[in-house]
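Analysis of the macromolecular model
Chain residues, written in single-letter form:
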Amino acid sequence: MRTAEIGRYGPPALRILAVAAVYYGSARLGLLQQLVRGQVTPLWPPTGVALAGLLLLGPRIWPGIALGAFLVNVSIGPTPLAVLGIVAGNTLAPLGAYAMLRRADFRTELDRLRDGLALIFLGALAGMLISSTVGSGVLVLSGALDADDFWPTWSVWWTGDAMGVLAVTPFLLALRRARWPGDAGIGRWIEASALLLGTLFVTILATGTNSSALLFLVFPFLIWAAFRFQLTGAAPCALLVMTLAILAAARESGPFAHHDLLENMVTLQAFNGTTALTALLLAAVITERNKTHEEIKRLCVQLTEIVAHMDPRDGPQTGR
């Protein structure tokens, strides 16, 4: 992680305020995707924003995460003490995920399979245990939540925060590194446009039809994006697919119609998790494979040049 480059993002205070603003804005968008108003948010974007901010700007921007979390929760939290507890959990979770990723030698380029796996298991699944446990526990202790509802609330909180990391963090990391090749021809632009429009059309079709089997139609487009554009193409496509699926679940349309909340949550999170993992891991594998091929080609060229410039007299001597 190139934390030495963070100076070009502006003064520390400005970076902190920017993180707080983006955190708050993404939270307001996340609250629009509630399946049950004020209770069930299947994807919580601020967790992805917070972790990406730490990875790109360094741990000193944590006050921006805390400020953003406070601004979000102060108007919806049950009590001031509960708000402070939730803010603490929402701040410690991405910090914990960041610390674990640093110890795992995580690279923000996501150009290795191990980086993709680290983001999934350390950044999303393990790191977000902190926010869900602290937040649900604080609600129980403050009397805003019955003890019997701890585990259902915890599971929804954990999966929502984890999905936020899996959907938003790769997208922001890819956006930061996105560079369109200067020699890219019109064909490349046409392919990228066709990929985006095709993903949009197929996802709308799949989420607007009652058959859950049609949801699998999006995966060829995710594979296409990963093979041809790696993370730069796979991350936006995955985020688009997950967002449209959540909107369909919120409307109870398509494959999410005529089911209860639990069935819809299981179907939605299974689909979104598979979408995120397919896009992220396949893009990482393809990028790592391409880098390996380039390195082999470079070594072959160097070896060829060495052989070409070798003096024949330096070769092995035979006879007397």
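In case you missed it, the structure is sitting above this.
Notes on the structure follow. For clarity, every value in this text was computed on a predicted model and none was experimentally measured. (Residues numbered from 1 in each chain as written. Predicted model: local features only at pLDDT ≥ 70, side-chain atom pairs only at ≥ 80, totals over all residues. Heavy atoms only, no water.)

**Looking at helix H8 (residues 186–207)**
Its 22 residues give H8 an end-to-end C-alpha distance of 32 Å, which sits within 8% of 32 Å, the value for a rise of 1.5 Å per residue. Those residues of H8 lying buried are Glu-191, Leu-195, Gly-198, Thr-199, Val-202, Thr-203, Ala-206 and Thr-207. The buried residues of H8 occupy one face: seen down the axis, they fall within an arc of 135 degrees. Every exposed residue of H8 that faces more than 90 degrees away from the buried side is listed here: Ile-186, Ile-190, Leu-197 and Phe-201. Summarising the contacts, the buried residues of H8 are in contact with helix H9 (219–251). (Helix = DSSP H or I, 4+ residues; strand = E, 2+ residues; numbered from the N terminus. Expected span 1.5 Å × (residues − 1). Buried < 20%, exposed > 50% of the residue type's maximum accessible area, 1.4 Å probe, protein only. Arc of directions from axis to C-beta. Contact = heavy atoms within 4.5 Å.)

**Considerations on the packing of aromatic side chains**
Using the criterion set out here, one finds six aromatic pairs in the structure. Between Trp-154 and Trp-158, the aromatic rings sit 5.5 Å apart at their centres with planes inclined by 20 degrees, giving stacked as the arrangement. Of this pair, Trp-154 and Trp-158 both sit in helix H7 (residues 150–177), four residues apart, roughly one helical turn. Feature note: the residues Phe-150, Trp-151, Trp-154 and Trp-158 constitute an aromatic cluster, connected by ring pairs. (Phe/Tyr/Trp six-rings, centres within 6.5 Å; stacked < 30°, edge-to-face > 60°.)

**Let's talk about the packing of helix H1 (residues 12–31) against helix H3 (residues 62–73)**
Two elements in contact, H1 and H3, have axes whose closest approach is 7 Å; the angle formed by their N-to-C orientations is 35 degrees. With respect to the hand of their crossing, H1 and H3 are arranged in right-handed fashion. Contacts between H1 and H3 involve Ile-16, Leu-17, Val-19, Ala-20, Tyr-23, Tyr-24 and Ala-27 from the former and Pro-63, Gly-64, Ile-65, Leu-67, Gly-68, Ala-69, Leu-71 and Val-72 from the latter. In terms of residue class, the contact of H1 with H3 is built from 13 nonpolar, two polar and no charged. (Axes fitted to C-alpha atoms, helices over the stretch in contact; angles between N-to-C directions. Left-handed = near helix turned anticlockwise from the far one by under 90°. Nonpolar A, V, L, I, M, F, W, Y, C, P; charged D, E, K, R; others polar.)

Just distances and angles here, no functional claims.
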